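# Descriptive analysis of the structure
These are the residues of each chain, in order.
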Amino acid sequence: REIRTSGSMRGSNKLAKAACCSLLYYFTEVSGYTAEESYGKNHRDLVNSGFHPPEFWKDLWDTIRSNKIWRGDVRNKTKAGEVYWVDTTIVPITYDGGAPTGFLSVRILITSRKATEAELVASEERFRLVGELATDGYWDWDLNSNAEYLSPSFKRLFGYEDHEMENHATSWQKIIHPDDLKLALVAFEGHTQRGEPFAVPVRYFHKDGGIVWVLFRGVALKNSKGDFYRMIGTHTDITELKESEEKLAQSNRELEQFAFIASHDLQEPLRTITGYVQLLERKYKGSLDQDGKEFMDYITQGAHRMRILINDLLSYSRVGNSEPQLEKLDLNKVVSEVLESLSSQIAREHAEIVFADGTLPFVYADSFQMRQLFQNLIGNGLKFKREGVRPVLEISTLIGKNVEGKSFHKVSVKDNGIGIDEKYFEKMFLIFQRLNDRDSFEGTGMGLAISKKIVELHGGTISVESKIGEGSSFSFTLPMTRS
């Protein structure tokens, strides 16, 4: 809508006091004043909101006196006191090039636009404050021009003040570790071409020469044509987390090495004990009374359990001493070999092994460790059977995705055995954790700890579901791609 008014002036020195006005209908509608209330009144007396300083009005009238067109945004108020904005153009009216004798004013209502601009200013201020105060670094990348906004907090992550780093994509690409730049670009390609989440830990070089680990996250946006035109995201400092992980990994390596050496060195004295016990048994067994024979049996059984324990400890240490040798592996072949090694126990228990999906997938894994894993899980299913119930084991597989959107194979080994109390679900994957007495079930409590370590070394997870008296289902995940 336009509001048009005209005015006459008696002398340029009285221009600012022009009061004889002709107002059209829309003025009365917008301002709330009737035509009678408006007639003969000075415009400023009616709708002046008091918002603009004296200098604003001086500039306005000086411009008109100079026979120039003035244009600007004016904030007025209605009769009811409500504020409204008008985009105002004032054109001086002159005759023969002399001083203006009147003016024509065209006003366009822009209250909605001003409200939007005010909200935009407030939003930009909030955004600026977030960028200043946030610990995460924020970035906004124009994929067409390669210009990129880097928040002050982004630059502070790497020791730079805001003015020291240009807002451009090349700025961060110069200080990211070269190997990790490749990772970021591969992740970008996966995000834009296959819809994979963009979240990758990378290293940057700090201004002082140190290394800063950050979690590089973002999302690419499409325009109406479906083309990517912009990408926004954050950098989160994870340096302390990475350093803690490395310390923990180093500690674990040292503990595993100690366990390996200690268990290896224990083999020799154990063999000595076992050898002399056998000599004693052969030479003096006939002269020992019943108590003596029982004592000899205790020593023999203890030495046997110690040997099993040491061997399991060595197995646990070996799993962590080297990275898995990944190869494309047919799990059907692996399970077939495991079932062959357990064939006598399967026959003795009349156990049934069922493949729920008919076949198992190919995975990238270490063949020896996969055999260990299935040996432990299938062996447990045969061992922890219910009295008088024929063991039935079901092996199944499915494909899923983790929280990062990466696909994995999930393999489950389900039995119909004695089951496990839910309170032991976490404890059972720790080393030397036995949930049953030794007289009922043999073992050292190392099998599931070894299984967990194997799965985690392959980038997966292991879990259990179980009910006492109904059986247990152990499930583990393996990435579908080689990592």
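Values in this document were obtained by computation on a predicted structure and should not be read as measured data.

Our next topic: empty space enclosed by the protein. Per the stated rule, a full pass over the model turns up 2 cavities of 30 Å³ or more. In terms of lining residues, the second largest cavity is bounded by Trp139, Trp141, Trp172, Ala184, Leu185, Phe188, Phe198, Phe216 and Met231. Looking at the lining of the second largest cavity, the elements with two or more residues in it are strand S6 (137–142) and helix H8 (178–194). Looking at which element gives the most residues to the lining of the second largest cavity, the answer is H8, with 3 residues.

Applying the stated criterion to the full structure yields 13 aromatic pairs. When the centroid spacing of 6.3 Å and the interplanar angle of 50° are considered together, the rings of Tyr138 and Tyr149 count as tilted. Of this pair, Tyr138 sits in strand S6 while Tyr149 sits in strand S7 (residues 148–150); the two residues are 11 residues apart in sequence, bridging distant segments of the chain. Here Tyr138 falls in the partly exposed class, since its relative accessible area comes to 21%. Accessibility expressed as a relative area gives 27% for Tyr149, which makes it partly exposed. Between Phe154 and Phe158 the ring centres are 5.5 Å apart and the planes differ by 75°, which places this aromatic pair in the edge-to-face class. As far as the burial class goes, Phe154 and Phe158 line up, both buried. Among the aromatic residues, those joined into a cluster by ring pairs are Trp139, Trp141, Trp172, Phe188, Phe198 and Phe216. Taking NZ or CZ as reference, Lys114 lies 4.5 Å from the ring centre of Trp85, over its face. Over the aromatic face of Phe362 sits the side chain of Lys328, whose NZ or CZ is 5.8 Å from the ring centroid.

This brings us to unusual backbone geometry. Across the chain, the bulk of peptide bonds are trans and the bulk of non-glycine residues have phi less than zero. Residue Asn67 is not a glycine yet carries a positive backbone phi of 60°. Along the chain, Asn67 turns up in the loop between helix H4 (54–65) and strand S3 (70–77). Of the residues examined, Asn67 reaches a relative accessible area of 35% and is grouped as partly exposed.

Okay, a nonpolar patch on the surface next. A surface patch of nonpolar side chains, about 450 Å² in accessible area, is lined by Ile69, Val91, Ile93, Tyr95 and Leu104. Accessibility expressed as a relative area gives 31% for Ile93, which makes it partly exposed.

Assignment of secondary structure puts Lys114 in helix H5 (residues 111–133). Judged by its relative accessible area of 18%, Lys114 falls in the buried class. Side-chain polar atoms of Lys114 contact the side chain of Asp73, separated by 3.2 Å. Setting aside its immediate chain neighbours within four residues, Lys114 contacts Asp73 and Trp85.

Backbone hydrogen bonds are what pair the strands of a sheet, in a parallel or an antiparallel way. Ordered by their spatial adjacency, 5 strands build an open sheet running S12-S14-S15-S17-S16, and the pairing between neighbours is mixed. Across the chains shown, the open sheet's two edge strands, defined by having one partner strand only, are strand S12 (352–355) and strand S16 (462–467). Recorded for the sheet is a direction-independent mean angle of 20° between the axes of neighbouring strands. Note that strand S14 (residues 392–401) and strand S15 (residues 407–414) share 8 bridges and pair antiparallel.

Time to look at the confidence of the model for the protein chain. Put simply, the protein chain has an average pLDDT of 82, and 84% of its residues get 70 or more. In the model of the protein chain, strand S2 (residues 21–23) stands out as the element of lowest mean pLDDT, 46, in contrast to strand S8 (residues 198–205), which has the highest, 93. Here residues 10–23 is modelled with pLDDT under 50, and outside its nearest four sequence neighbours on either side it reaches 29 contacts, counting other chains as well.

What follows covers the pattern of salt bridges. Summed over all chains, the structure comprises 18 salt bridges. Arg113 is paired through a salt bridge with Glu117; the nearest N and O atoms lie 3.2 Å apart. Of the two residues, Arg113 and Glu117 are both situated in helix H5; the distance of 4 residues between them amounts to about one turn of the helix. Overall, the relative accessible area of 37% leaves Arg113 in the partly exposed class. As a salt-bridge pair, Glu245 and Lys242 come within 3.8 Å of each other at their nearest N and O atoms.

Quick look at the packing of helix H13 (residues 367–383) against helix H14 (residues 447–457) now. Relative to each other, H13 and H14 sit at 140°, their axes nearing to 9 Å. By the criterion of interaxial angle, the relationship of H13 to H14 is oblique. Along this stretch, H13 crosses H14, giving a crossing that reads as left-handed. On the side of H13, the interface is formed by Gln369, Met370, Gln372, Leu373, Asn376, Leu377 and Asn380, while H14 contributes Gly447, Leu448, Ile450, Ser451, Ile454 and Val455. Of the residues assigned to the contact of H13 with H14, the class counts are 7 nonpolar, 6 polar and no charged.

Turning our eyes to something else, we now look at a negative patch on the surface. On the surface, Asp289, Asp291, Glu294 and Asp297 cluster together into a patch of negative charge. Within the secondary structure layout, Asp289 lies in the loop between helix H9 (239–284) and helix H10 (290–321).

The rules we used
Residues numbered from 1 in each chain as written. Predicted model: local features only at pLDDT ≥ 70, side-chain atom pairs only at ≥ 80, totals over all residues. Heavy atoms only, no water. 1 Å grid on protein atoms, 1.4 Å probe; cavity = no way out; pocket = protein on both sides within 12 Å on 5 of 7 lines; lining within 4 Å. Points joined across faces, edges and corners; volume = space filled by probe spheres on them. Helix = DSSP H or I, 4+ residues; strand = E, 2+ residues; numbered from the N terminus. Phe/Tyr/Trp six-rings, centres within 6.5 Å; stacked < 30°, edge-to-face > 60°. Buried < 20%, exposed > 50% of the residue type's maximum accessible area, 1.4 Å probe, protein only. Lys NZ or Arg CZ within 6 Å of the ring centre and 35° of its normal. Patch = residues over 30% accessible without salt bridge, like charges linked within 9 Å, V, L, I, M, F, W, Y side chains within 5 Å. Areas by Shrake-Rupley, 256 points an atom, 1.4 Å probe, with all protein chains shown as cover. Salt bridge = Lys/Arg side-chain N within 4 Å of Asp/Glu carboxyl O. Polar contact = N/O pair within 3.5 Å; in protein donor to acceptor, adjacent residues only side chain to side chain. Contact = heavy atoms within 4.5 Å. Pairing = 2+ DSSP bridges. Axes fitted to C-alpha atoms, helices over the stretch in contact; angles between N-to-C directions. pLDDT = per-residue confidence, 0-100. Parallel < 35°, antiparallel > 145°, perpendicular 65-115°, else oblique. Left-handed = near helix turned anticlockwise from the far one by under 90°. Nonpolar A, V, L, I, M, F, W, Y, C, P; charged D, E, K, R; others polar. Lys, Arg positive; Asp, Glu negative; His and termini not counted. Charge placed at Lys NZ, Arg CZ, Asp CG, Glu CD.

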